[in-house]
Amino acid sequence: MLRERSRQAEAPHFPTPNGFQSAPPVYARCVLDCLSGRGIAPSALLADAGLAWQDLSEGRAMDLVVFRRFIAQAIQCSGEPALGLLAGLMLQPYHSQVGIAAVTSRDVGHGLQFMSRHGRLLFGRVDFHLEAGPRWSIFKVRPTRPLHEVQDFVTQFIVGAHWRLLEAMLGRPADELVVCLPHARPAGGDLTYQRYLRNVEFDHEHLAFAMPAELLRVPCVSANAKEFLDAARACQQTEAELAQGQFAHRVRRALVERLTKDPGSRELASDLGISVQTMARRLAESGTTYSDLKEQLRKSQATWYLQNTDLPIEAIASQLGYAELTSFSRAFKRWHCVSPRAMRQSLRSGAEDAA
């Protein structure tokens, strides 16, 4: 029944002229989170794949060849064929502005509509399409380019991440959700997905999530109009950067590489071979400023370091370019209204509950 409904109203066809050339580092970060929970040290895996921690920073992308090698080695060392699914389940909504906006939406349908418009910022070259029907609603997922060897991993990851997202929106398990997979039922009784998910169907044309239509009208437990607007503006700003020929992303990448030294705008502009006035003008065209970019990077990386590394708070402050711990602590409390130490305890506690 769900399969028929899923195929009755297809999303527009998306062209796939080229290969899936890169992947957002969120995939690798969640894999490392998952492996760390199993007692597997991430440093050796990164070294074998030719990666450093800095390569997983926000604003970067992993080359497809490196990404394939990393995923293959991660699956081999974990012995877990469902590693993509488990890694996706590690992706908490507060890890990104896209996730924050989704869970602070007024209701589930509003959150999924937001994901339809902005999900690519988080998951890369993947399109999302919500079809709201009278009895069943279908949230379709379709890569815009071939995924080749990483298709199974990316499919699993998106399933896990969206299952976690729906749980965060509802404040409870999403037991009504039916996962519709774009491949045949595995032979030999290897039902990887059923080990973790309640309702799974096979042989669909595309990956999709089916749910009763009334689920879309359920209010999000974390609905917050102000937080939603702030996160939505951040997503729109990122998209504006992309529309402006990647210049702001170029500045962001340069900042990531130099953040420890806390470069000023004039210094970074010089490194990029342009005047500080030109940099300010082109950033303004993207709807942002140099100080805003630096603030956003520090905010996102601080949270990630607190949850995923054992670095002392002082070392994290230094990594983010703060000369004094007190300056970092003040900034962090301004961002999150809690101290870095309290946030670390909260994040670690949440990860243990999810595992």
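Residues numbered from 1 in each chain as written. Predicted model: local features only at pLDDT ≥ 70, side-chain atom pairs only at ≥ 80, totals over all residues. Heavy atoms only, no water.

**Quick word on the pattern of salt bridges**
Where charged atoms of side chains with opposite charge meet at close range, the side chains can pair.
In step 1: On inspection of all chains with the given rule, the structure shows 15 salt bridges.
In step 2: By sharing partners, the salt bridges in this structure join K226, D230 and R233 into a single network. (Salt bridge = Lys/Arg side-chain N within 4 Å of Asp/Glu carboxyl O.)

**Observations regarding the nonpolar core**
In step 1: Counting 74 residues, the largest nonpolar core has F70 and F123 as the members making the most contacts within it.
In step 2: Looking at this core, the element that brings in the most residues is helix α9 (residues 151-170), giving eleven residues.
In step 3: Excluding residues within four positions of it along the chain, F123 makes contact with P24, Y27, L91, M115, F128, F157, I158, A161 and H162.
In step 4: Counting 31 residues, the second largest nonpolar core, distinct from the first, contains L255, Y322, F328 and L347. (Core = buried A, V, L, I, M, F, W, Y, C linked by side-chain atoms within 4.5 Å. Buried < 20%, exposed > 50% of the residue type's maximum accessible area, 1.4 Å probe, protein only. Helix = DSSP H or I, 4+ residues; strand = E, 2+ residues; numbered from the N terminus. Contact = heavy atoms within 4.5 Å.)

**Some points on the packing of helix α2 (residues 26-37) against helix α4 (residues 64-78)**
In step 1: It is at 11 Å that the axes of α2 and α4 come closest, and there the two elements cross at 15 degrees. When the axes of α2 and α4 are compared, the pair comes out roughly parallel. Judged by the sense of rotation from one axis to the other, the crossing of α2 with α4 is left-handed. Contacts from Y27, A28, V31, L32 and L35 of α2 reach α4 at F67, F70, I71, A74, C77 and S78.
In step 2: Per-class residue counts for the contact of α2 with α4 are ten nonpolar, one polar and no charged. (Axes fitted to C-alpha atoms, helices over the stretch in contact; angles between N-to-C directions. Parallel < 35°, antiparallel > 145°, perpendicular 65-115°, else oblique. Left-handed = near helix turned anticlockwise from the far one by under 90°. Nonpolar A, V, L, I, M, F, W, Y, C, P; charged D, E, K, R; others polar.)

**Comments concerning the sheet that holds strand β3 (residues 126-132)**
In step 1: Strand order in the open sheet formed by five strands is β3-β4-β7-β5-β6, with mixed pairing between adjacent strands. For this open sheet the edge positions go to β3 and β6 (200-201), each flanked by a neighbour on one side alone.
In step 2: Sheet contacts for α9: β3, β4 (136-143), β5 (178-180) and β7 (207-212); angle to β7, the most-contacted strand, approximately 25 degrees. (Pairing = 2+ DSSP bridges.)

**Brief notes about the packing of helix α7 (residues 108-118) against α9**
In step 1: It is at 10 Å that the axes of α7 and α9 come closest, and there the two elements cross at 145 degrees. Here the hand of the crossing between α7 and α9 comes out right-handed. Residues V108, G111, L112 and M115 of α7 form the contact with α9, whose own contacting residues are H162, L165, L166, M169 and L170.
In step 2: Tallied by class, the residues present in the contact of α7 with α9 amount to seven nonpolar, two polar and no charged.

**Some thoughts on helix α12 (residues 265-272)**
In step 1: Here α12 has its buried residues at L268, A269 and L272. In an axial view of α12, the angular spread of the buried residues amounts to 100 degrees, which keeps them on one side of the axis. Across α12 from its buried face, at more than 90 degrees, point the exposed residues R266 and S270.
In step 2: On its buried side, α12 packs onto α11 (247-258), α13 (276-285) and α14 (290-308).
In step 3: Taken from the residues just after α12, G273 is the one with a positive phi, measuring 80 degrees. (Arc of directions from axis to C-beta.)

**What about the confidence of the model for the chain?**
In step 1: The predicted model of the chain has a mean per-residue pLDDT of 83, with 88% of residues at 70 or higher.
In step 2: Element-level pLDDT for the chain is lowest in helix α1 (residues 2-8), with a mean of 37, against a maximum mean of 96 in β7.
In step 3: Low pLDDT, under 50, characterises residues 1-19; the predicted model gives this stretch 45 contacts beyond four residues in sequence or across chains. (pLDDT = per-residue confidence, 0-100.)

**Points about the environment of R125**
In step 1: Mapping R125 onto the fold places it in the loop between α8 (120-123) and β3.
In step 2: Separated by 19 residues in sequence, R125 and T144 have C-alpha atoms that sit 5.6 Å apart.

**Some points on unusual backbone geometry**
In step 1: Positive phi outside glycine occurs at D203, with the angle close to 70 degrees.
In step 2: Structurally, D203 can be placed in the loop between β6 and β7.

**A short note on the packing of aromatic side chains**
In step 1: For the structure on display, the rule yields 14 aromatic pairs.
In step 2: Ring centres of F114 and F228 lie 5.6 Å apart, and the angle between their planes is 70 degrees; on these two criteria the pair is classed as edge-to-face. Highlighted residues: F114 in helix α7 and F228 in helix α10 (residues 225-243), separated in sequence by 114 residues.
In step 3: Residue classification places F228 among the buried residues on the basis of a relative accessible area of 11%. (Phe/Tyr/Trp six-rings, centres within 6.5 Å; stacked < 30°, edge-to-face > 60°.)

**Observations concerning the state of the cysteines**
In step 1: For the structure on display, the rule yields zero disulfides.
In step 2: Looking at C34, it has no disulfide partner, and the nearest cysteine sulfur is the one in C30, 9.1 Å off. (Disulfide = S-S within 2.5 Å.)

**Some thoughts on the pairing of β4**
In step 1: In terms of residue burial, β4 counts as a mostly covered element, since seven of its eight residues are buried.
In step 2: In this structure, β3 lies alongside β4, joined through seven bridges in antiparallel fashion. Directly across from F128, in β4, lies its bridge partner V141.
In step 3: Counting the residues that bridge the hairpin from β3 to β4 gives three residues.
In step 4: Here β4 runs beside β7; their pairing, made up of six bridges, is antiparallel. Pairing of K140 across the sheet is with A208, part of β7.

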